[in-house]
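Tertiary structure, described
Take a look at the letters that make up each chain.
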Amino acid sequence: MATVRIPPVLRPKTDGKPEVEAAGGNVGEVLRNLTESYPDTQAQLFGEDGDLNRYVNVYLNDEDVRVLDGLDTAVKDGDTVVILPAMAGGAS
Amino acid sequence: MATGAGTQTIEEIEPFEAAEEIEGGDVVLIDTREPHEFQDAHLENGKLVPPGLLADEIGGAAPDKSARTILYCRSGNRSAIAAAQLQELGYEDVASMAGGILAWQEQGLPVVSTSGMTAEQRDRYSRHTLLPEVGVDGQLKLLNAKVLLLGAGGLGAPTALYLAAAGVGTLGLVDDDVVDASNLQRQVIHNTERIGMPKTESARLFIEALNPDVNVVEHRGRLDAGNILEIIGDYDIVVDGADNFPTRYLLNDASVRLRKPVVSASILGFDGQISTFVPFEGPCYRCLYPTPPPAELAPSCSANGVLGVMAGTMGTLQANEVIKLVLGAGEPLVGRLLLYEALGTTFTELKVRRDPECPICGENAEEIPESEMGRFPDYDLFCAGAGGDR
């Protein structure tokens, strides 16, 4: 099982949970298991072509999966998958 | 007034008289104290000639024995003795300043130090200069630094507070908003009396009261494609606390072109993120976030709320990054994104890589012709359109 860290903007779709456990041998499987448990996350993470949306960054532990093997990046037990969209709050 | 020193009669003048003569010019000003005293504070254009070296060094400091020569020391004793010695050496027009530099300063007259700081500054910044990583040289770098804060709100307020206290010499503030009561839960440089006042003005009043060394430049308005190169061009470092994606992308693209480092943070709810983007040394904002999220994934603080102290935490982290960049000390957050989650009090660090395909700082970015520099896309459209059907 991997731990998936949920960003604030997605927490309404995961019953408010900041972290969710999900199984899977690679990053894509972990995220698909997440969307099966919390279907409302599907449209926010994946486009209609099944690829990750470009505005969503995904990290395995501290490394961007874009520089690893993308959704095929292997996940071990105890790994952390971080979902990170950009945030712009600051001044107002 | 004249006083006896040995068999000689020497002229003594009051500090204000000395100041008038100095301002009038054609005066040789001699500091007859020890080097460490001179370094702490001395009169502008004062030449150090310690008492023990008077006979050897006065010829170099005051070669013309007929010139008006004013001597001063700490309280007036050493300079009176030295004045008598100079008269014996043939100096014709010598005066000693009564009360020395102590009396001079008591009358509010200015002093300088060899370090480039005034005595007041040496006192104000002493907890900085005691640090080997800062020292006098580092404090002078801060006093000479020009930092632009994008936003005088949640992040900009604490950042401005600490950068002003630290003695950053020029702080530019970009904001088009006025102070609102709902800001005061986190925007600590504004206050209840200044509700309705432009934020840049309120910030300037706060900063000027905190530290008169800081020159505040108000840019009352918003950054846009037409003014950004001119505005950020005057600064060494930009601090991004903008509340919207179009401004963040615009700032990134302009700062990469002008090679200005950007310390960028954002806050929402109990979560904050911060990174430092140094063009071509590390990734840029677009390497991290190639496209902005759609509107439903980009809520603002006004719509979603933010813990006030979160703004303080992230704003002071931004100030810390700025100071490190100015000093050239430590390891700035270049190529690193730091996430802070306040409910669990956890910090998470993620690696950010330069994207070779980045349209702004990637491998082909150097080929952008000069004529295209400074032409920016329509960011409102770019941000509104991103994340649509794809």
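What counts as what
- Residues numbered from 1 in each chain as written.
- Chains lettered and ligands numbered in written order.
- Predicted model: local features only at pLDDT ≥ 70, side-chain atom pairs only at ≥ 80, totals over all residues.
- Helix = DSSP H or I, 4+ residues; strand = E, 2+ residues; numbered from the N terminus.
- Rg over C-alpha atoms; globule rule 2.2 N^0.38 Å.
- Buried ≥ 20, exposed ≤ 12 C-beta atoms within 10 Å, placed from the backbone.
- Contact = placed C-beta atoms within 7 Å.
- Core = buried A, V, L, I, M, F, W, Y, C linked by C-beta atoms within 7 Å.
- Pairing = 2+ DSSP bridges.
- Axes fitted to C-alpha atoms, helices over the stretch in contact; angles between N-to-C directions.
- Arc of directions from axis to C-beta.
- pLDDT = per-residue confidence, 0-100.

1. Points about the overall build of chain A
- Counting its regular elements, chain A contains two helices and five strands.
- Relative to the 2.2 N^0.38 estimate, which gives 12 Å for 92 residues, the radius of gyration of chain A is 13 Å and therefore close to what a compact globule would have.
- Considering only C-alpha atoms, chain A reaches an extent of 40 × 30 × 30 Å along its principal axes.
- Taking all 92 residues of chain A together, the buried fraction comes to 40%.
- Contacts in chain A between residues at least 24 apart in sequence constitute 50% of all its contacts with a sequence separation of at least 6.

2. A closer look at the overall build of chain B
- Along the backbone of chain B there are 16 helices and 14 strands.
- Relative to the compact-globule value of 21 Å for 390 residues, chain B shows a C-alpha radius of gyration of 28 Å, a clear excess of over 25%.
- Along the three orthogonal principal directions, the C-alpha set of chain B runs to about 100 × 50 × 40 Å.
- Counting the 390 residues in chain B, one finds 44% classified as buried.
- For chain B, the share of sequence-separated contacts (at least 6 apart) that also reach a separation of at least 24 residues comes to 67%.

3. Some remarks on the nonpolar core
- If you look at the biggest cluster of nonpolar residues, it comprises 92 residues, and the most contacted ones within it are V81 of chain A together with V147, L149, A160, L171 and V322 of chain B.
- Ignoring sequence-local partners within four residues, the contact set of V81 of chain A consists of A2, V4, V27, V30, V58, L60 and V75 of chain A.
- The next biggest cluster of nonpolar side chains, apart from the first, holds 26 residues, and it includes I30, L43, A62 and A95 of chain B.

4. Brief notes about the sheet that holds strand β14 (residues 346-351) of chain B
Residue and element names in this part refer to chain B.
- Ordered in space as β9-β8-β7-β10-β11-β12-β13-β14, the eight strands form an open sheet in which the pairing is mixed. Across the chains shown, the open sheet's two edge strands, defined by having one partner strand only, are β9 (215-220) and β14. Adjacent strand axes in the sheet meet at a mean angle of 15 degrees when their direction is disregarded.
- Two strands pair when backbone bridges link them, and strand β11 (residues 262-268) and strand β12 (residues 271-277) are joined in this way by seven bridges, in the antiparallel orientation. Note that in β12 the partner of S266 across the bridge is Q273.
- Against the sheet, helix α9 (residues 156-165) contacts β7 (146-150), β8 (170-175) and β10 (237-240), and its axis sits at roughly 170 degrees relative to β8.
- Sitting on the sheet, helix α12 (residues 245-258) is in contact with β7, β10 and β11, with an inclination near 165 degrees to β10.

5. Structural notes on helix α8 (residues 135-144) of chain B
Residues and elements named next belong to chain B.
- Listing the buried residues of α8 in full gives G138, Q139, K141 and L142. Across the axial projection of α8, the buried residues extend over an arc of 155 degrees, all falling on one side.
- Next to the buried residues of α8 lie α7 (126-129) and α15 (308-327).

6. Looking at the environment of L60 of chain A
Residues and elements named next belong to chain A.
- With respect to the helices, strands and loops of the structure, L60 is situated in strand β3 (residues 56-60).
- What makes L60 buried here is the crowd of 21 C-beta atoms within 10 Å.
- When the C-alpha atoms of L60 and V27 are compared, they prove to be 7.7 Å apart, with 33 residues separating the residues in sequence.
- Every residue in contact with L60, bar those within four places of it in the chain, is listed here: V27, V65, L68, T73, V75, D79 and V81.

7. Some details on unusual backbone geometry
- With a phi angle near 55 degrees, N61 of chain A is a residue other than glycine that sits in the positive phi range.
- Tracing the backbone through its elements, the reader meets N61 of chain A in the loop between β3 and β4 (63-64).
- According to the C-beta neighbour criterion, N61 of chain A is partly exposed, with 15 such atoms within 10 Å.
- If you check the backbone angles, N45 of chain B has positive phi at about 70 degrees while not being a glycine.
- On the secondary structure map, N45 of chain B appears in the loop between α2 (35-40) and β4 (47-48).

8. Considerations on the environment of N215 of chain B
Residues and elements named next belong to chain B.
- Looking at the element boundaries, N215 is found in strand β9.
- C-alpha of N215 to C-alpha of L333: the two residues are 118 residues apart in sequence and 27 Å apart in space.
- When sequence neighbours within four positions are dropped, the list of residues in contact with N215 reads G169 and T170.

9. A few points about the confidence of the model for chain B
- Per-residue confidence for chain B averages 90 on the pLDDT scale, and 91% of its residues sit at or above 70.
- At the level of chain-chain contacts, confidence expressed as ipTM amounts to 0.91, with global pTM at 0.77.

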